Amino acid sequence: MQFQSDYFNAYHSLKLARDDNGVLVAEFHNNGGPFVMSAQAHTEFVEAFYRISQDRANKIVILTGAGGEFITDVDWSSFGDAADPGVWSQVHDEGVQVLENIANIRVPVIAAIEGRAHVHSDYALLASVIVAAEGATFQDVAHFGSGIAPGDGIFTTWSYRAGAGRAEAFLLNPQPLKARTAYEWGVVAEVVPNGNALSRARELAKLYLKAPEVTRRNTRIHFIQPLKERIVREVGYGLSLEGASAADLVRSKQAKPEPGVQKGKVA
């Protein structure tokens with residue numbers, strides 16, 4: 001293994017390891033197991049992907065998850081009061097920055113998906129290529145079905161990769177989408193047997209490394225540019241809409257009396 005850069009051990013929820021050929025594997029995890037998105041992770045991913053994008057020792061980047069999953073769920077309580085403008089201001093800024101920083105990774109990016117990509121599958125859709133295991137599923141459990149507008153980039157990336165009609169139906173009726181269907185939609189490049197997504201991603205990385213470095217970098221830059229432009233145009237606005245819907249959801253729950261409580265009296 002190469003000497004590890006100083007940022008490799010800086011993050012609680014992102015394990016970074018790079019081989020002698022410069023292939024960096026970035027693995028989402030919670031204590032080595034399947035990853036659930038939290039406020040702390042949301043914050044640290046901004047810096048992590050910025051550092052990854054700036055490190056020219058990274059020749060290929062592979063995004064994956066621990067414990068046979070990609071990203072499974074959200075710890076809502078860790079984010080605090082979404083109706084607080086100060087809280088949402090931070091969520092808004094980080095949400096924009098992390099997508100821009102992934103898009104700014106200027107080498108080929110491969111997403112290796114096992115299990116559930118049910119939160120922030122937009123991270124995966126910013127990859128150059130997605131390899132998904134047969135049992136992998138894509139879903140958006142964090143937005144419309146939970147009462148929140150899907151404005152954080154999930155529509156931007158899915159509509160870019162699958163088309164607006166499919167993206168709208170997928171997000172308005174958030175049911176698990178099988179890897180084979182995502183392949184038919186053109187979102188997933190390859191479907192492999194369960195447990196083989198990361199190994200196949202490594203094979204593709206080895207193939208891509210045969211091209212000259214400047215060619216690899218410039219190809220990624222060229223391919224991601226149209227999606228990057230959409231992210232810059234749409235995600236800040238979308239997160240503002242999402243924040244307003246989140247605040248409304250919080251306020252509506254606060255206004256609803258608990259069972260057995262009416263007009264300040266306990267039944």
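What counts and how
Residues numbered from 1 in each chain as written. Predicted model: local features only at pLDDT ≥ 70, side-chain atom pairs only at ≥ 80, totals over all residues. Heavy atoms only, no water. Phe/Tyr/Trp six-rings, centres within 6.5 Å; stacked < 30°, edge-to-face > 60°. Helix = DSSP H or I, 4+ residues; strand = E, 2+ residues; numbered from the N terminus. Buried < 20%, exposed > 50% of the residue type's maximum accessible area, 1.4 Å probe, protein only. 1 Å grid on protein atoms, 1.4 Å probe; cavity = no way out; pocket = protein on both sides within 12 Å on 5 of 7 lines; lining within 4 Å. Points joined across faces, edges and corners; volume = space filled by probe spheres on them. Nonpolar A, V, L, I, M, F, W, Y, C, P; charged D, E, K, R; others polar. Pairing = 2+ DSSP bridges.

1. Re the packing of aromatic side chains
In this description, an aromatic ring pair is defined by two values, namely the gap between the centres and the angle between the planes.
Working step 1: A full pass over the atoms with the stated rule returns 13 aromatic pairs.
Working step 2: Ring geometry for Phe45 versus Phe49: centroids 6.1 Å apart, planes at 65°, classification edge-to-face. Of the two residues, Phe45 and Phe49 are both situated in helix H1 (residues 39-54); the distance of four residues between them amounts to about one turn of the helix.
Working step 3: The exposure class assigned to Phe45 is buried, which follows from its relative accessible area of 0%.
Working step 4: Residue class for Phe49 comes out buried when judged on its relative accessible area of 0%.

2. Overview of the layout of surface pockets
Working step 1: Each pocket or cavity is described by its volume, and for the largest pocket that value is around 500 Å³.
Working step 2: Contributing to the lining of the largest pocket are 25 residues, with Val74, Trp76, Phe79, Trp88 and Ile148 lying nearest its centre.
Working step 3: Every element with two or more residues in the lining of the largest pocket is listed here: helix H2 (85-103) and helix H8 (213-255).
Working step 4: Within the lining of the largest pocket, the residues separate by chemical class into 15 nonpolar, six polar and four charged.

3. Remarks on the sheet that holds strand E9 (residues 137-138)
Working step 1: Pairing is mixed in the open sheet, where three strands are placed in the order E7-E9-E10. A single partner strand is all that each edge strand has here, and the edge strands are strand E7 (116-117) and strand E10 (177-178).
Working step 2: Pairing of E9 with E10, which is carried by two bridges, proceeds in the antiparallel orientation. Within the sheet, the bridge partner assigned to Phe138 lies in E10 and is Leu177.

Remember that the coordinates give geometry; whether it matters functionally is a separate question.
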